[in-house]
Amino acid sequence: MAIDKLDDIAIIGGGLGGLLLAIFLADQNVRSTIYESRFSEPPVYSGPVMLLPNGLRVLDKAGAYEQILEQGSLAPHNYSMSNNHEILDRRECGDIEKYGYVGLRIYRQKVINTFTEMARKRNVTIVHGKKFSHIVAETTETVTFAFADGELRTHSLLIGSDGIHSVVREYVAPQTKLRFSGSLSILGFVPASAVHRPYPDYPLPAAVMGPSGNILFGWADDDSGEYPLATNFAMEDLGRQGWEELQNDTPRLLAMMRKDYDKWNPMIQRILDNVKNESLFIWPFYTVPTLESWKSDKGRVIIVGDAAHAIPPQGGLGANLTFEDVESLARLIAASNEGSRSWSSCLEWWQAYRKSRMAGIAELAPKIMKRRQGQHDGSADYTWLYNYDVERDVKAWVTQTT
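Predicted model only: the values in this text are computed from it and were never measured.

It is worth spelling out the sheet that holds strand β10 (residues 143–147) at this point. Read from one edge of the open sheet, three strands run β9-β10-β11, paired in antiparallel fashion. A strand with exactly one partner marks an edge of an open sheet, and here the two such strands are β9 (132–138) and β11 (152–155). Averaged over all adjacent pairs, the angle separating strand axes in this sheet is 25°, with direction ignored. In this structure, β9 lies alongside β10, joined through five bridges in antiparallel fashion. Note that in β10 the partner of A137 across the bridge is T144.

Evaluated as defined, the whole model comprises 18 aromatic pairs. Centre to centre, the rings of W294 and W350 are 5.8 Å apart; their planes meet at 70°, and the pair counts as edge-to-face. Taken together, the residues span a long stretch of sequence, with W294 in the loop between β17 (281–287) and β18 (301–303) and W350 in helix α12 (residues 343–372) at a distance of 56 residues. Across the pair, W350 and W294 agree in class, each one buried. When the centroid spacing of 5.5 Å and the interplanar angle of 25° are considered together, the rings of Y382 and Y386 count as stacked. The same class applies to Y382 as to Y386, namely buried. Here a set of aromatic residues connected by ring pairs shows up, and it is made of Y35, F132, F145 and F147. Lying across the ring of W397, R341 places its NZ or CZ 4.2 Å from the centre.

Below, the discussion takes up the pairing of strand β6 (residues 87–92). When strand β5 (residues 77–81) meets β6, the two strands line up antiparallel, connected through five bridges. Following the sheet pairing, H77 is matched in β6 by E92.

Before going further, it helps to spend a moment on helix α7 (residues 239–247). Residues of α7 that are buried: G242, W243 and L246. Mapping the buried residues of α7 onto a view down its axis gives an arc of 100°, with all of them on the same face. In α7, the exposed positions that point more than 90 degrees away from the buried face belong to R240 and Q241. Contacts from the buried residues of α7 go to β13 (179–191), α8 (250–257) and β17.

What counts, and at which threshold
- Per-chain numbering applies: the sequence of each chain, read as written, is numbered from 1 onward.
- Reporting in this predicted model follows two pLDDT cut-offs: at least 70 for local features of residues, and 80 or more for side-chain atom pairs to be given and counted; totals over whole chains, interfaces and linings ignore these cut-offs and use all residues.
- Think of the side-chain values as coming from all heavy atoms in the structure, minus any hydrogens and water.
- DSSP-based pairing: two strands are paired if at least 2 bridges between them are found.
- Numbering of helices and strands runs from the N terminus, with a helix taken as a DSSP run of H or I at least four residues long and a strand as a DSSP run of E at least two residues long.
- Axes here refer to lines fitted to C-alpha atoms; in helices the fit is confined to the stretch in contact. Angles between the N-to-C directions go from 0 to 180 degrees.
- Here the aromatic set is Phe, Tyr and Trp, taking the six-membered ring for Trp, and pairing holds for ring centres within 6.5 Å; pairs whose planes are under 30 degrees apart are stacked, those over 60 apart are edge-to-face, and all others are tilted.
- Partly exposed residues are those whose accessible area sits between 20% and 50% of the maximum for their type, while under 20% is buried and over 50% is exposed, using a 1.4 Å probe and protein chains only.
- Should the NZ of a Lys or the CZ of an Arg lie within 6 Å of a ring centre and within 35 degrees of the ring normal, that charge is described as sitting over the ring.
- The directions considered for the arc run from the helix axis to the C-beta atoms.
- We call two residues contacting when some pair of their heavy atoms lies within 4.5 Å.

Note that every value here comes from positions in space, so none of it alone points to a role or purpose.
Set out below in structure tokens:
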């Protein structure tokens, strides 16, 4: 069997997925270049991300687990609390004995910084300020693409890890229209001094159920001494311009967050009184409809993570699913390069493998939302979610008799 060598890979997007993909590829002796549209300066505010056992297992395989563990806070459960400080529900986020890992809450920028350092140590090239524009030409061996500044590049493979508003997706699945979920989250930060928990072991992270919605807040960041919080609202789709106008309307955002203020408990009232105005940002929840394919016909352009299967944030599922995507894809690229399997068969199996996983997630996500809202339907079995082992599954397929 002729070996289809994939040894010069372009990754569009330098976020969590793109960086981790480059790390896995480097460890498989595959060269890659990350092209990131933003410049290298980190944002002033970066929200937290929940890492679950399935995602932490991936990070362990990448050699990142210990570093990430040191910078985060263990979160074995997510809680739903009543406005009277009673526990309504407790959702399991990990267990050492059952899954090998305990859930971890960490700020996204800390993970980005860790991944960036790991990638640079592996001599991964990261090019900032390069905005992907479009695919120019694709053959069975290479793909040529353009940046917004007119520059052209050619690689053996292009992987779009450029998020829910992916431009790469426009080539793989043209005319895809995002679906607005009908929900908006307003996020911000509040000084730790303003958070007075009603009793010492009041559980965090917690979604506090109130008269007209819920407020979610977690642990204070050790570096900033600030608590992240988020409030969710039912909203109509305002469109790009409308969302930009809302983002810039701080008085309106504050008014929305403080709806039914008098009905909240004193702890929440104090939090709302001390939200840092400059930290407010909005997150309209869009989803990517089920796509027929995550790859181009010639197999030289692929999309991963939110570009392929974005869902509203439910208990931290998104980032962990992206980690699964990139580990499995990197291992299959290595298998193809070694001649264990053809690239076309690797790509077909990978897409079926990941789509099957997403079908289960599509059923789980709304159940998690109901539990967050206090609609408890008994204990759930998360074994299938948390014990997912990418390396095991890929090796089993690669080595099975054909």
